[in-house]
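# Inside the fold
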Amino acid sequence: MANMCPYGRFTHAVVRGIPETFGKKVGDGHENGDVSVDLAKAQRQFGCLTGALRQKVGLQLIEIPPDPELPESWRIEDVAVIQGDTALITRPFKQQRRSEVEAVRRVMSELNLTVVEMGGEDGDSGGATLEGSDVLFTGKEFFVGISSHTNRRGAEVLADTFRDFAVSTVPVCGGARLKNICSMGGPNTIIISNGDGAKKTLRMMEQLTDHHYEVLTVPEDSAANCIYIKGPSKRDFLLHRPTEECPDSVSAFQKLQDYTLLPTACSEASKLGASLSSLCLIINRKHSYF
């Protein structure tokens with residue numbers, strides 16, 4: 001039977017440090033397109049995120065050291081999908097990102113999770129690509145965004161791994177990845193951007209699900225990605241973009257009654273197409289990590 005405990009109960013967060021090569025492409029040393037990023041600012045913002053998870057929410061934090069040879073490895077959400085005692089090690093779309101999984105796999109094993117591998121080009125999952133930022137788990141079911149990073153074969157591997165849960169595929173409209181346009185804001189609440197593409201994706205999600213979700217709409221696309229956690233203290237926390245980054249959306253978050261709101265900056269990672277949740281894997285484990 002599926003573990004149907006309310007969504008959001010987590011005990012651990014796994015993160016990976018911002019490397020000196022942040023914002024650069026593998027092999028050429030040049031910045032990611034024409035985007036200019038501030039490395040020091042990105043590292044400060046990462047420190048604020050990890051501090052909030054550890055000190056304010058009360059999660060046990062596991063930090064994998066940065067690797068300058070893997071400039072996108074800080075986007076740790078992409079390389080694993082975790083539910084219950086199982087961690088599915090994904091297969092990112094970019095060939096040069098696939099070695100990012102090795103360090104994450106070791107941590108998953110040390111946490112005594114059952115590790116499932118998507119595999120390589122050959123075998124049952126041949127040709128599959130899946131990135132965790134295209135996967136929205138609601139506590140009741142999975143939605144997998146079909147995007148330039150995740151394909152239907154990847155979604156099939158996820159469905160085969162987590163057979164106790166329904167898995168539905170939706171097109172990613174209005175964003176590069178599914179969780180750029182939506183996230184969970186509570187056990188039964190989906191936060192979504194007000195953009196036309198996001199609304200189209202939401203309509204399809206509503207057609208595919210057998211469950212009812214409250215919807216909190218935010219006017220700014222980048223505000224739609226939040227991190228909801230019911231911490232060890234049983235309080236409801238929501239990490240969200242701050243006023244200086246999303247000034248029109250803060251009032252929407254204030255509608256969430258009895259929440260502890262934690263404004264968390266993400267401007268530098270956002271320039272590279274990432275969101276708050278891109279920077280962490282959050283896990284519910286009964287036992288401590290050693």
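Scroll up to find the structure.
Residues numbered from 1 in each chain as written. Predicted model: local features only at pLDDT ≥ 70, side-chain atom pairs only at ≥ 80, totals over all residues. Heavy atoms only, no water.

### Some remarks on the overall build of the protein
Within the protein, the secondary structure is distributed over six helices and 15 strands. In terms of overall size, the protein behaves like a compact globule, its C-alpha atoms giving a radius of gyration of 18 Å where 290 residues would be expected to give roughly 19 Å. Along the first, second and third principal axes, the C-alpha atoms of the protein reach 45 × 45 × 40 Å. Residues classed as buried in the protein amount to 54% of the 290 residues present. Relative to all contacts within the protein whose residues are 6 or more apart in sequence, the contacts with residues 24 or more apart total 72%. Per element, the accessible surface of the protein, about 12800 Å² overall, is 47% carbon and sulfur. (Helix = DSSP H or I, 4+ residues; strand = E, 2+ residues; numbered from the N terminus. Rg over C-alpha atoms; globule rule 2.2 N^0.38 Å. Buried < 20%, exposed > 50% of the residue type's maximum accessible area, 1.4 Å probe, protein only. Contact = heavy atoms within 4.5 Å. Areas by Shrake-Rupley, 256 points an atom, 1.4 Å probe, with all protein chains shown as cover.)

### Focus on empty space enclosed by the protein
The probe, sized like a water molecule, is rolled over the atoms to show the empty space still left. Scanning all chains against the criterion turns up three cavities of 30 Å³ or more. Taken together, I18, A42, Q45, F46, L49, A265, C266, A269, L276 and L279 form the lining of the largest cavity. In terms of residues, the lining of the largest cavity owes the most to one element, helix α1 (residues 39-57), which gives four residues. Broken down by class, the residue content of the lining of the largest cavity amounts to nine nonpolar, one polar and no charged. (1 Å grid on protein atoms, 1.4 Å probe; cavity = no way out; pocket = protein on both sides within 12 Å on 5 of 7 lines; lining within 4 Å. Points joined across faces, edges and corners; volume = space filled by probe spheres on them. Nonpolar A, V, L, I, M, F, W, Y, C, P; charged D, E, K, R; others polar.)

### Concerning the sheet that holds strand β12 (residues 227-230)
The pairing of strands in a sheet happens through backbone hydrogen bonds and is either parallel or antiparallel. Reading across from one edge, β12-β13-β14 is the order of the three strands in this open sheet, with mixed pairing throughout. What marks the edges here is a single partner per strand, and that holds for β12 and β14 (259-263). Along the sheet, successive strands turn relative to each other by an average axial angle of 20°, direction set aside. Sheet topology note: the strand β13 (residues 236-240)/β14 ladder contains five bridges and is parallel. Paired with L239 across the two strands is L262, which belongs to β14. Contacts from α1 reach β12, β13 and β14, with the element oriented near 170° to β13. (Pairing = 2+ DSSP bridges. Axes fitted to C-alpha atoms, helices over the stretch in contact; angles between N-to-C directions.)

### Topic: helix α2 (residues 101-110)
Three or more residues of α2 are buried, namely V101, A103, V104, V107 and M108. Seen end-on, α2 carries its buried residues on one side only, within an arc spanning 165°. Against the buried residues of α2 lie β1 (12-16), β2 (60-64), β3 (80-83), β4 (86-89), β5 (114-117) and β15 (281-283). Of the residues trailing α2, N112 is marked for its positive phi of about 60°. (Arc of directions from axis to C-beta.)

### Focus on the sheet that holds β3
Within the open sheet, the three strands sit side by side as β3-β4-β5. Their pairing is mixed. Edge positions in the sheet fall to β3 and β5, since each of these pairs with one other strand and no more. Each neighbouring strand pair of the sheet contributes to a mean axis angle of 20°, computed without reference to strand direction. Pairing geometry for β4 and β5, over four bridges, is parallel. Within the sheet, the bridge partner assigned to I89 lies in β5 and is E117.

### So, the side chain of T209
Mapping T209 onto the fold places it in the loop between α4 (196-208) and β11 (214-218). Given a relative accessible area of 12%, T209 falls into the buried group. Here the side chain of T209 touches E141 through a polar contact of 2.4 Å, side chain to side chain. In terms of polar contacts, T209 uses its side chain to reach the backbone amide nitrogen of H211, at 3.0 Å. (Polar contact = N/O pair within 3.5 Å; in protein donor to acceptor, adjacent residues only side chain to side chain.)

### Notes on the pairing of strand β7 (residues 141-146)
Of all the six residues making up β7, five are buried; the element is thus mostly covered by neighbouring parts of the structure. Relative to β7, strand β6 (residues 135-137) runs antiparallel, the two sharing three bridges. Following the sheet pairing, L136 is matched in β7 by F143. The loop that links β6 with its antiparallel partner β7 comprises three residues; one of these, G139, has a positive phi angle of about 95°. Here six bridges tie β7 to strand β8 (residues 166-171), and the two strands are oriented parallel to one another.

### Let's talk about unusual backbone geometry
In the Ramachandran plot, N112 falls in the positive-phi region, its phi being about 60° despite a non-glycine side chain. Within the secondary structure layout, N112 lies in the loop between α2 and β5.

### Considerations on the packing of aromatic side chains
Remark: the centre distance and the inter-plane angle together describe each pair of aromatic rings, the angle taken between the planes. Counting across every chain of the model gives nine aromatic pairs. Centroid distance Y7 to F10: 5.9 Å. Interplanar angle 85°. Geometry classified as edge-to-face. Residue classification places Y7 among the buried positions, given a relative accessible area of 16%. F10 gets classed as buried once you look at its relative accessible area, which sits at 12%. Considering the side-chain rings of F137 and F165, the 5.1 Å spacing of their centres and the 90° angle between planes classify their relative orientation as edge-to-face. With F137 in strand β6 and F165 in the loop between α3 (152-161) and β8, this pair connects stretches of sequence that are 28 residues apart. This pair shows no difference in class: F137 is buried, exactly as F165 is. Clustering of aromatic rings is evident, with ring pairs tying together Y7, F10, F137, F142, F162, F165, Y228 and Y259. (Phe/Tyr/Trp six-rings, centres within 6.5 Å; stacked < 30°, edge-to-face > 60°.)

These figures come from the coordinates and say nothing about function on their own.
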